Amino acid sequence: MRRGPVPVVAFVLALGAAARGAGSGPVTCGSVVKLLNVRHNVRLHSHDVRYGSGSGQQSVTGVSAADDGNSYWRVRGRTAAVCERGQPVRCGQAIRLTHLSTGRNLHSHHFVSPLSGNQEVSAFGEDGEGDYLDDWTVLCSGTYWARDSEVRFQHASTDVFLSVTGEQYGRPINGQREVHGMATSSQNNYWKVMEGIFIGAQHPESNTKLILVC
């Protein structure tokens, strides 16, 4: 049984999952978020279903439902680096996104994605610990990743962009969209923070502050 993340999911769901937006302010390390692909209107999602081809690792998809509890991701520092809770994420900073309910990290590598033939994106590791292929660079304008801005995620090792182009799976995940890595920048690469629990920016004289959007 995995430790830690699951009670947070239950806490979020108990408050109600129909959030209207993330509001303003920076995204900070330790925050738990849902990420919407702006062009295709699907949220980044994972579940304990493995790919039947390629790496055979846990699949990552896009779902249209706003209230699915398997679409929460924790924002963390890059592999082998510390990002303190409440520290704003800078544009150009490498981070990890850890799937809250399974404890695996958003990951990519040189396997072919099953539907589009782009680069496979999976969820990898155990209890939040994987490898350097879990690192993604946040591409945005300004100094910090703003909660109300559209951003791109570029894989730190292979340079592909986290993308959705509309291909849909059949059973057992019927209707979910393929998420993959694309070599070129396009409108398919843009993501925006939606629902979540946001750790307020930490000041030396204050305690960590939670900002709940639900």
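Predicted, not measured: the structure shown is a model, and the values here were computed from it. (Residues numbered from 1 in each chain as written. Predicted model: local features only at pLDDT ≥ 70, side-chain atom pairs only at ≥ 80, totals over all residues. Heavy atoms only, no water.)

## Quick look at the overall build of the chain
Defined as follows: Working definition: helices are DSSP H or I runs of at least four residues, strands are E runs of at least two. Numbering for both runs from the N terminus. Here a residue-residue contact requires only that any non-hydrogen atoms of the pair lie within 4.5 Å.
Helix and strand content of the chain: one helix and 13 strands. Starting at the N terminus, the α and β elements of the chain follow one another as α-β-β-β-β-β-β-β-β-β-β-β-β-β. Within the chain, residue pairs in contact and separated by at least 24 positions form 65% of the contacts whose partners lie at least 6 positions apart.

## What about the packing of aromatic side chains?
This is how it is decided: Any two of the Phe, Tyr and Trp rings considered here, Trp counted by its six-membered ring, make a pair once their centres fall within 6.5 Å; the pair's planes then place it as stacked at under 30 degrees, edge-to-face at over 60, or tilted in between. Accessibility here uses a 1.4 Å probe with only protein chains present; expressed as a share of the type maximum, an area under 20% marks a residue as buried, one over 50% as exposed, and anything in between as partly exposed. We count a charge as sitting over a ring when the NZ of a lysine or the CZ of an arginine lies within 6 Å of the ring centre and within 35 degrees of the ring normal.
Under the definition given, this model contains one aromatic pair. Centroid distance W145 to F153: 5.4 Å. Interplanar angle 75°. Geometry classified as edge-to-face. The pair formed by W145 and F153 is uniform in burial state, with each residue classed as buried. In this structure, K34 is placed above the aromatic ring of Y72, and the distance from its NZ or CZ to the ring centre is 4.7 Å. The ring of F198 carries R147 above its face, with NZ or CZ at 4.6 Å from the centroid.

## Quick notes on the state of the cysteines
Each disulfide consists of one covalent bond between the sulfur atoms belonging to two cysteines. Which entries qualify depends on this criterion: The definition used for a disulfide is geometric: two cysteine sulfur atoms within 2.5 Å.
Under the counting rule described, the total for this entry stands at two disulfides. Linked covalently through their sulfurs, C29 and C83 form a disulfide whose S-S length is 1.8 Å. Around the S-S axis, the bridge from C29 to C83 shows a dihedral of about 85° and counts as right-handed. Residue C29 is located in the loop between α1 (5-15) and β1 (32-37), and its partner C83 is located in the loop between β4 (73-77) and β5 (94-99); the two are separated by 54 residues in the primary sequence. Of the two residues, C29 and C83, neither departs from the other in class, the shared state being buried. Disulfide pairing places C91 opposite C140 at an S-S distance of 2.0 Å. Here the S-S torsion is close to -115°, and the disulfide linking C91 with C140 is therefore left-handed. Taken together, the positions of C91 in the loop between β4 and β5 and C140 in the loop between β8 (136-139) and β9 (150-155) put the pair 49 residues apart, joining distant regions of the chain. Taken in N- to C-terminal order, the disulfide-linked cysteines of the chain are connected 1-2, 3-4.

## Focus on the pairing of β4
Defined as follows: When DSSP finds at least two bridges between two strands, those strands are taken to pair.
Among the five residues in β4, four count as buried, and that is most of the element. Relative to β4, β1 runs antiparallel, the two sharing two bridges. Each bridged residue has a counterpart across the sheet, and for V32 the counterpart in β4 is R74. Note: β4 against β5, five bridges, orientation antiparallel. Note that in β5 the partner of V75 across the bridge is L97.

## Remarks on the side chain of Q176
One can find Q176 in the loop between β10 (161-168) and β11 (177-182). Take Q176: its relative accessible area is 15%, and that puts it in the buried class. Dropping the residues within four chain positions of it, Q176 is found in contact with H45, H47, T61, G62, V63, E167, Q168 and Y169.

## With respect to the pairing of β9
As a general feature of sheets, a regular strand has side chains that alternate between the two faces. Counted residue by residue, β9 has five buried out of six residues, so it is predominantly covered. The pairing of β8 with β9 spans four bridges and is antiparallel. Its bridge partner being in β9, V138 is matched across the sheet by F153.

## Some thoughts on the environment of T102
Defined as follows: In protein, a polar contact requires one atom able to donate a hydrogen and another able to accept it; more generally it is a pair of N or O atoms within 3.5 Å, and residues adjacent in sequence count only if both atoms are side-chain atoms.
Within the secondary structure layout, T102 lies in the loop between β5 and β6 (105-112). Remark: the alpha-carbon pair of T102 and Q58, spanning 44 residues in sequence, is separated by 9.5 Å. There is a polar contact of 2.8 Å between the side chain of T102 and the side chain of H99.

Purely geometric stuff here, so don't read any function into it on its own.
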